[in-house]
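Read off the chains here:
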Amino acid sequence: MSHLAGSHLIGAHTKALHETGKQEVVSIQSHAKHPIYYQQQETVWRPARDSLEEPVIPAPSLFATLVSPADHAGGDAEADALPTVGECATHLQLLHVFYALRVRIVESAELDKTFGVEQNRTTVWRTRYRSRYGSSKYQHPLGDATWKARRKEKFKYYLVVAAARFQEWVRKADAALAGTEQGTGSLCLAFLPPLDVLMVWHAFLLNPRDFEDYCRKHRLGRIRKVAFPWAQIHSAIDSRTDTFTLPKDAAASADSAGLAPDLFAFLADVSKAPSLVAPTLVRFGGSTDESIQRQLDNRVAPAAAATAILCTGRSTSTSPKNTDPSPSLGVPASASASASASASSSTATRQSKTTTISAEFNFLLVLFTHGGTPTTPNTTTATATATAYSNTALIANVQRQAVFADKMHAQLWLRSPAAAHTLSRAVSRYAQFLSLFRAHPGQTLVPALDVDLAWHTHQLSASAYCAGVRARAGRFIDHDDKLGAGVLKGALERTAEWYFVAFGGLYAPCLCWDCEAAAEAMEREVNGNGDGDGEEEEEDRMGKLVDAVQDELHYYRSVEAARRAGKRLPVREKVAA
Ligand SMILES: [Zn+2]
């Protein structure tokens, strides 16, 4: 606790806070199973009367530094600009959305059906002995020990589809940016991509060297210049539920590019009605990794999918246009155009059915163009190179990022009372981290957890990051999250030493809610109060300060417990327990 400068008293107090915090967090995490903990907390703070009275956490002020895309356009940002607190906070919102999506996918019974993940209902014959009647045989059901693990695999199946959609989207998005370049400034996406595509793109960007190579290889110079759309993402997220809703115009744009705007909803619907794509998807669950790969990477369409394409009768007229590597976003995909034309005289229901068919048809095309290609004469060399950076690598990126999302979800800085403090210090510590690269040329440095968040946030605007680290660190810094634990540990210890020598502080302090809230309060105290108090007054003041911090922490935990339980959030008004 020596990182808390300012008082000889605060050390002991912080330790106490840290310990209480751990216990209260345990009670939040277990309240779902043990409602009694939630009851105890709820009686301390009065629940809001209505939603208007509820607190807004994270506070809107945390995002005040976000810049709208219009203000971004054409503006040449300073080369050495750092990520802002608003961007880091939005990044946390996005990571929480990714986390919640993964949980939803794994727990979805609808997706179990879609991907053909079934519980093994095996039974064994057992013998029952009865003294009077002798023995009889009966069937005894066996539990399926692999069921849980197999359900988790659904996230990977989802990513197989998402990766193919990303490959389709990134070309169209790059093409749509044509003509928007002004000078050397960053570019702005007109529309957010669907969430699954955003997730694949996000994880890809966190491998800066790979993304640069990919863009060069595929002549995607514009997408690399895009400033990550933080303001748009912030508006699309509801942090109360950790959900992401694509704005209407962005959804329409995705739709017209042949991408279902909400992949989860699309996949959940597959099992509910007769579907062209069902026969392909339902085989994922019974497949090994290799056989999915063989289906998609070896460009051999499963017979079912090939039949589906033939059944639509549109493969010859639509394939060339859909596999064109550079159609622009905003132009309706030819499949839906021809579908609605042929259905012009039909009723509303028939029309909507045709639309579904064309959506599914597009889905198959995307899946097999970028995950593998149907064996049709339309297979071009352009689609053959499209998988040079394989979907397997894209999927692995997302899975590594899921580990980071788990860490951020465990820390939960976004919902803590000291969020602004934690994030603004993370950004300044990140600047210090970059300057260490200049001081230690050729060395591998490892970020502390808060520094890592700021670093990731920076990397998401690819070309701005490249210029930024060159300006600050004097060299390009790649981000390699594939290093082994042993290498990491040694490098982290070295980095901490260099950090201490250069800046004199703890490099990797405890960043739990309690330690952070205490640190923030201490900083306020040190900045706001002159010396000259006697020791007794100081002790008294510290005691009050710690009480206030403890109250604040307890309130924030109660809000979080209520949010997770789906209850009305409490207000800052104590009621008798
Ligand atoms: Zn702590």
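Residues numbered from 1 in each chain as written. Predicted model: local features only at pLDDT ≥ 70, side-chain atom pairs only at ≥ 80, totals over all residues. Heavy atoms only, no water.

It is worth spelling out the pattern of salt bridges at this point. With the rule as written, the count across this model stands at 31 salt bridges. Of the charged contacts in the structure, one is a salt bridge between Lys-172 and Glu-168, with a shortest N-O distance of 2.9 Å. Of this pair, Lys-172 and Glu-168 both sit in helix α7 (residues 154-176), four residues apart, which is roughly one turn of the helix. Under the relative-accessibility criterion, Glu-168 is labelled buried at 7%. Glu-560 is paired through a salt bridge with Arg-563; the nearest N and O atoms lie 2.9 Å apart. Here Arg-563 and Glu-560 lie together in helix α27 (residues 535-564), a separation of three residues that amounts to about one turn. (Salt bridge = Lys/Arg side-chain N within 4 Å of Asp/Glu carboxyl O. Helix = DSSP H or I, 4+ residues; strand = E, 2+ residues; numbered from the N terminus. Buried < 20%, exposed > 50% of the residue type's maximum accessible area, 1.4 Å probe, protein only.)

Here the focus is the environment of Gly-468. Along the chain, Gly-468 falls in helix α24 (residues 462-473). Given the relative accessible area of 0%, Gly-468 is considered buried. Residues Gly-468 and Asp-80 lie 388 residues apart in sequence; the distance between their C-alpha atoms is 4.5 Å. Ignoring anything within four residues of it in the chain, the contact list for Gly-468 reads Ala-79 and His-458. (Contact = heavy atoms within 4.5 Å.)

A few words on the packing of aromatic side chains. Two measures describe an aromatic ring pair: the distance that separates the ring centres and the angle between the ring planes. Counted according to the given criterion, the structure contains 20 aromatic pairs. For the pair Phe-266 and Phe-363, a centre-to-centre distance of 4.7 Å together with 20 degrees between the ring planes defines the contact as stacked. A residue pair is termed long-range when its members are at least 10 positions apart, and Phe-266 in helix α13 (residues 263-270) and Phe-363 in helix α19 (residues 348-370) qualify at 97 residues. Of the two residues examined, Phe-266 and Phe-363, each falls in the buried class. A network of ring pairs unites the aromatic residues Phe-166, Trp-169, Trp-201, Phe-204, Phe-211, Tyr-214, Phe-228 and Trp-230 as a single cluster. (Phe/Tyr/Trp six-rings, centres within 6.5 Å; stacked < 30°, edge-to-face > 60°.)

Moving on to helix α21 (residues 391-411). Given 3.6 residues to a turn, an α-helix orients residues that are three or four positions apart in the same direction. With 21 residues, α21 ought to run about 30 Å at 1.5 Å a step, and its terminal C-alpha atoms sit 31 Å apart, in line with that. Two residues or fewer after α21 comes Leu-412, characterised by a positive phi angle close to 55 degrees. (Expected span 1.5 Å × (residues − 1).)

Along the chain, Thr-90 falls in helix α4 (residues 85-107). Take Thr-90: its relative accessible area is 0%, and that puts it in the buried class. C-alpha of Thr-90 to C-alpha of Ile-233: the two residues are 143 residues apart in sequence and 7.4 Å apart in space. Sequence-distant contacts of Thr-90, that is, excluding residues within four places in its chain, are made with Phe-63, Leu-66, Trp-230, Ile-233 and His-234.

When pLDDT is averaged across the protein chain, the result is 80; 75% of the residues are at 70 or more. Low pLDDT, under 50, characterises residues 1-10; the predicted model gives this stretch 23 contacts beyond four residues in sequence or across chains. Throughout residues 372-388 the model reports pLDDT below 50, and contacts reaching past four residues in sequence, or to other chains, amount to 33 contacts. (pLDDT = per-residue confidence, 0-100.)

In this section: helix α9 (residues 208-217). Three or more residues of α9 are buried, namely Pro-208, Phe-211, Glu-212, Tyr-214 and Cys-215. One face of α9 carries all of its buried residues, which in axial projection span an arc of 165 degrees. Exposed residues pointing more than 90 degrees away from the buried face of α9 are listed as Arg-216 and Lys-217. Tucked into the core, α9 has its buried residues touching α7, α8 (195-205), α10 (221-224), α23 (449-459) and α24. (Arc of directions from axis to C-beta.)

Attention shifts here to the side chain of Arg-151. Residue placement: Arg-151 occurs in helix α6 (residues 147-152). Since its relative accessible area comes to 18%, Arg-151 is described here as buried. Those residues in contact with Arg-151 that sit more than four places away from it in its chain are Val-106, Glu-107, Ser-108, Ala-109, Asp-112 and Val-117.

Once that is clear, we can look at the nonpolar core. Side chains that are nonpolar tend, in soluble globular proteins, to be buried together. Phe-166, Trp-169, Trp-201 and Ile-223 are the most contacted members of the largest nonpolar core, which totals 112 residues. Ranked by the residues each element gives to this core, the list is headed by α7, at 13 residues. Here this core spans two domains, since at least three of its residues come from each of domain 1 (10-72 + 411-573) and domain 3 (153-398). For Ile-223, the contacting residues outside a window of four places in its chain are Trp-169, Val-170, Ala-173, Asp-174, Leu-177, Leu-189, Trp-201, Phe-211 and Cys-215. The next biggest cluster of nonpolar side chains, apart from the first, holds 16 residues, and it includes Leu-553, Tyr-555, Tyr-556 and Val-559. (Core = buried A, V, L, I, M, F, W, Y, C linked by side-chain atoms within 4.5 Å. Domains from an automatic or database assignment.)

Right, let's get into a negative patch on the surface. Together, Glu-535, Glu-536, Glu-537 and Glu-539 make up a negatively charged patch on the protein surface. With respect to the helices and strands, Glu-539 occurs in helix α27. (Patch = residues over 30% accessible without salt bridge, like charges linked within 9 Å, V, L, I, M, F, W, Y side chains within 5 Å. Areas by Shrake-Rupley, 256 points an atom, 1.4 Å probe, with all protein chains shown as cover. Lys, Arg positive; Asp, Glu negative; His and termini not counted. Charge placed at Lys NZ, Arg CZ, Asp CG, Glu CD.)

Okay, the side chain of Ser-558 next. Within the secondary structure layout, Ser-558 lies in helix α27. Among the polar contacts made by the side chain of Ser-558, one reaches the main-chain carbonyl oxygen of His-554 at a distance of 2.8 Å. (Polar contact = N/O pair within 3.5 Å; in protein donor to acceptor, adjacent residues only side chain to side chain.)

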